[in-house]
Every structure is written in C-alpha cells, then in structure tokens.
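Here are the chains, one letter per residue:
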Amino acid sequence: MDVVVGGGVAGLSVAWRLARSGRPVTVVDPAPASGASHAAAGMLAPASETDYTEESLLRLGVESLRLWPSFAAELAADAAPAGAAGAHDWAAMLDYRTDGTLDVGFDADDLAVLDELASFMDKLGLPVERLTGRQCRRLEPMLAPSVRGGIHAPQDAWVDPRKVTAALLRAIDRRGVRLVRARAEQVRPDAVVTEGGEVVDAERVVLAAGAWSSRLADVPVRPVKGQILRLRSPRPLLSRCVRGLVHGRPVYLVPRGDGELVVGATQEELGFDTTVTAGGVYELLRDARELVPGVTELELAESVAGLRPGTPDNLPLIGPHRGLTLATGHHRGGVLLAPLTAAIVLGEASEPAALCSPERFT
Ligand code: FAD
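What counts, and where the lines are drawn
Residues numbered from 1 in each chain as written. Predicted model: local features only at pLDDT ≥ 70, side-chain atom pairs only at ≥ 80, totals over all residues. Heavy atoms only, no water. Pairing = 2+ DSSP bridges. Helix = DSSP H or I, 4+ residues; strand = E, 2+ residues; numbered from the N terminus. Axes fitted to C-alpha atoms, helices over the stretch in contact; angles between N-to-C directions. Buried < 20%, exposed > 50% of the residue type's maximum accessible area, 1.4 Å probe, protein only. Domains from an automatic or database assignment. Salt bridge = Lys/Arg side-chain N within 4 Å of Asp/Glu carboxyl O. Polar contact = N/O pair within 3.5 Å; in protein donor to acceptor, adjacent residues only side chain to side chain. Nonpolar A, V, L, I, M, F, W, Y, C, P; charged D, E, K, R; others polar. Near = heavy atom within 4 Å. Areas by Shrake-Rupley, 256 points an atom, 1.4 Å probe, with all protein chains shown as cover.

1. Here's the deal with the sheet that holds strand β2 (residues 25-28)
1) Next: Strand order in the open sheet made by the six strands is β8-β2-β1-β12-β19-β18, with mixed pairing throughout. Every other strand in the sheet has two partners, leaving β8 (178-180) and β18 (317-321) as the edge strands with one partner each. Mean inter-strand twist for the sheet, computed between neighbouring axes without regard to direction, equals 20°.
2) Next: Pairing between strand β12 (residues 204-207) and strand β19 (residues 324-328): two bridges, direction parallel. Looking at β19, one finds that L207 is bridged to L326.

What follows is the structure in structure tokens.
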C-alpha cells in the first residue's frame, strides 16, 4: 500500500498515477484541494516563471509541459461522468488552453529584463518572438497604449487548477483510492498516524503536504504567501495569458473560458499567514489596470491567499528522503510540474529525478 500525505495537485497526481499503474493507494488529507492548488492561476509557462540563473527549473518545466497533453487526456478519460463513452473533450474539462504567453513591459528597464529572458530562451532553443508595443496590441487589443514592447512564448499553456484537482479527485475515486479525510500527525516510513489515532500502514509513504511538509518531516520547505484575485467579465478581455512588468513590478492576467480573469500574485515571506490584505488587493489591481485599463469595469469575484511550498533553490523535492518519498517544494510551479512529479515518483523520468533529488540538501 502506498500512502500519500496531502491531496493538493502534487499528491493527487502522484496518487492517481500510482493507482493507474495498479498499486493500492490511500490519500490522507483533512481538506483535499484546498491549499496552494486552490489559489493557483494554472499557468503552464516554464520560462516566464524562471530567470537566467534557473536553467534546471526551466528544463523541468519544459519537460512537464511536454507531458501535459497526454496527462490531461488520460485524466479526463478517467474522470469523465459515468456512462460517457468515447473521446472526452479533455481541454474543456480542465479549461486547458494553448494560446501562449505574452510578456510585456512599460519602460527601458522592463524591456531589458524581457530581452534577457528572450536571450535565455533562445539559448535553450525555446520558441520566442520579440514584439514592439504595436505588435503586442495587435495580439491583445485591450492592452494599455503605454505598453512599449514584449515577448511572445507561443508554446505556453494554462489550465484551471480547480478543475484539475476536481478531476483528479474523481479519477482517484474511480481507481479505488481510499481517501482518509484527516490530518496526518505523524509520518513514518512504514505508517501514517492521523489526528484521530488511526494508523495507516504503508509500504511507502509519499509526503506531498505542500507548504506544511516541514511540519511533518525535516525538509527545507517554507510557505511563500501569494494573494490572487478573480474578476468576472461578461465577455473575455484577453485571448491569452498576459504578464506585465509594470515599471519593475510583475503582474499577470489569466483568462478562463467562462469569462473569469485571474489577477496574480503577490509574493510574501510571512510564514503561515493567509490574510488577504487591502494593500495586496490594491497593488494587484493597480498594476493590472496599468496593463489592461478595462479591468476596472469587471466584477471583483474573489480574493484569496495561498501558500507556495518554497525551497532554498526553487527546485522541487521529489524522491527518497530518510525512508519517505517526497513530492513537495514546487513553489511557483506545482501545477506545471504535476505530470513530471508523478512520472518521477513512478520511476519514469530518471534525468529530471536527479535534478529534484532531496539528497542535494543532505
Ligand atoms: P497544496 O496544494 O498546498 O496541497 C497541500 C495539501 O496538503 C493540502 O490539501 C493540505 O490540506 C494538505 N495537508 C497539509 N497538512 C497536512 C497534514 N498534516 N496531513 C494531511 N494533509 C495535509 N503553479 C503553477 O504551476 N502555475 C501557476 O500559475 C501558479 N500560480 C500560483 C498562484 C498563487 C497565488 C499561488 C499561491 C501558487 C501558485 N502556483 C502556481 C504554485 C502552485 O499552486 C503550487 O506549487 C502547488 O499548488 C503545490 O501543490 P501541493 O499539492 O504541493 O500543495
């Protein structure tokens, strides 16, 4: 029996792939899909989330992005409503979209940063186009006239992480995974003890408790707070993910199929605090309005804060560690890295596994 502690996008992906390979699996989580995965924007944008010092992270992201279409198609097939036959519209089920990312800037310093990112992508052979302000507005007419230029990463994609975790929960249920809705209090190589005192015996324990992983084992994971907003629009304002450097301040807008526009995200080192603050909301809306003035007309539907599981080198911790198997520390890229995380735990990706090995910190 494999026992997975934590039912966010990381733990659920691992549990589903293990169950699919024929292993008996139990997931322990008091509130599955309620952590960072609930807050996340869902960008599958390897380059935009890295800088030129993070080549390993970029390589992991590119590899996971390559795995996403088959992961999503198989997930949708497993999660499809009972009785549904034939091919399922997996893209619609997960709001999976592949229209790329447009990164734009407002002043010379912003453009210099974007040019550096484009050179880094060129060096690694990733497709990228450099655009003038006018070309950016041709792609996205709602952009502010003050946008001076940008870069377009046509291969990037995005999903709705809430739809992904909902599908994963349906899929693990179909595959016979037992879900124990309780907090794990003790995690050992051969068992997990829950808050109610239940001892769940295990041949292998996978620790995937996101930012809370360091409360259960000696792992270098810390919470990194991110505040994020959901706006609602009667018709889509944008047709692709738009990221802005607004005089040095990063902000992004992610459009959903149903007219939702996600605006993110702050990055704060405040421990386990998930308060949504007036300052956080103000900064996000201020920068989003600079980027796309029309956002001020939209309904503010939701504000939430999530805790990213950060590590000292921003790379995830996946693999054996002191008798446990870790699947944590995904920081800003846990949705992007979900397919690769599961592949590493299943022993299907040896080169990426070496980059993510927790042993690098021992
Ligand atoms: P979580 O989703 O936090 O799940 C951890 C789970 O562990 C929770 O369900 C919790 O209930 C459970 N748990 C905690 N303690 C215990 C315990 N003692 N016993 C049992 N269970 C426990 N990533 C991207 O790839 N693209 C994005 O666009 C993106 N945007 C983001 C925006 C924001 C604002 C934030 C906060 C994050 C974003 N991320 C993004 C990062 C991504 O959300 C995380 O990397 C990812 O969700 C981590 O998944 P996880 O399963 O490890 O953690």
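From this point on, the discussion continues.
2. Describing the pairing of β19
1) Next: Among the five residues that make up β19, five are buried, leaving the element largely enclosed by the rest of the structure.
2) Next: Of the pairings in the sheet, the one linking β18 to β19 comprises five bridges and is antiparallel in character. For I318, the partnering residue across the bridge sits in β19 and is A327.
3) Next: Linkage of β18 to β19, two consecutive antiparallel strands, is achieved through a turn of two residues, within which R322 is found at a positive phi near 50°.

3. Things to note about the domain arrangement of the chain
1) Next: Segmentation of the chain into domains returns domain 1 (2-94 + 159-221 + 312-361) and domain 2 (101-154 + 223-310).
2) Next: The C-alpha-based centres of domain 1 and domain 2 are spaced at 26 Å.
3) Next: On the surface where domain 1 and domain 2 come into contact, there are four salt bridges.
4) Next: Of the charged contacts, one joins K123 and E55 as a salt bridge, the two residues approaching to 3.7 Å between their closest N and O atoms.
5) Next: Connecting domain 1 to domain 2 are 10 residue pairs in polar contact (both at pLDDT 80 or more).
6) Next: Secondary structure elements with two or more residues in the side of domain 1 that touches domain 2: α2 (36-39), α3 (55-79) and α7 (161-174).
7) Next: Examining the composition of the side of domain 1 that touches domain 2, we find that four residues originate from one element, α3, more than from any other.
8) Next: For the side of domain 1 that touches domain 2, the per-class residue count stands at 16 nonpolar, eight polar and nine charged.

4. Looking at the site of the ligand
1) Next: Around the ligand, the structure places 39 residues, and the nearest of them are D29, S37, M43, A184 and H331.
2) Next: Within the backbone of G42, one N or O atom sits 3.0 Å away from an oxygen atom of the ligand.
3) Next: With the chains in place, 96% of the 1000 Å² that the ligand exposes on its own is no longer accessible.
4) Next: Contributions of two or more residues to the shell around the ligand are made by α1 (9-20), α2, β13 (222-232) and β17 (299-310).
5) Next: A per-element tally of the shell around the ligand places β17 first, with three residues.
6) Next: For the shell around the ligand, a count of residues per class yields 21 nonpolar, 14 polar and four charged.
7) Next: Per-domain counts for the shell around the ligand show at least three residues from each of domain 1 (2-94 + 159-221 + 312-361) and domain 2 (101-154 + 223-310).

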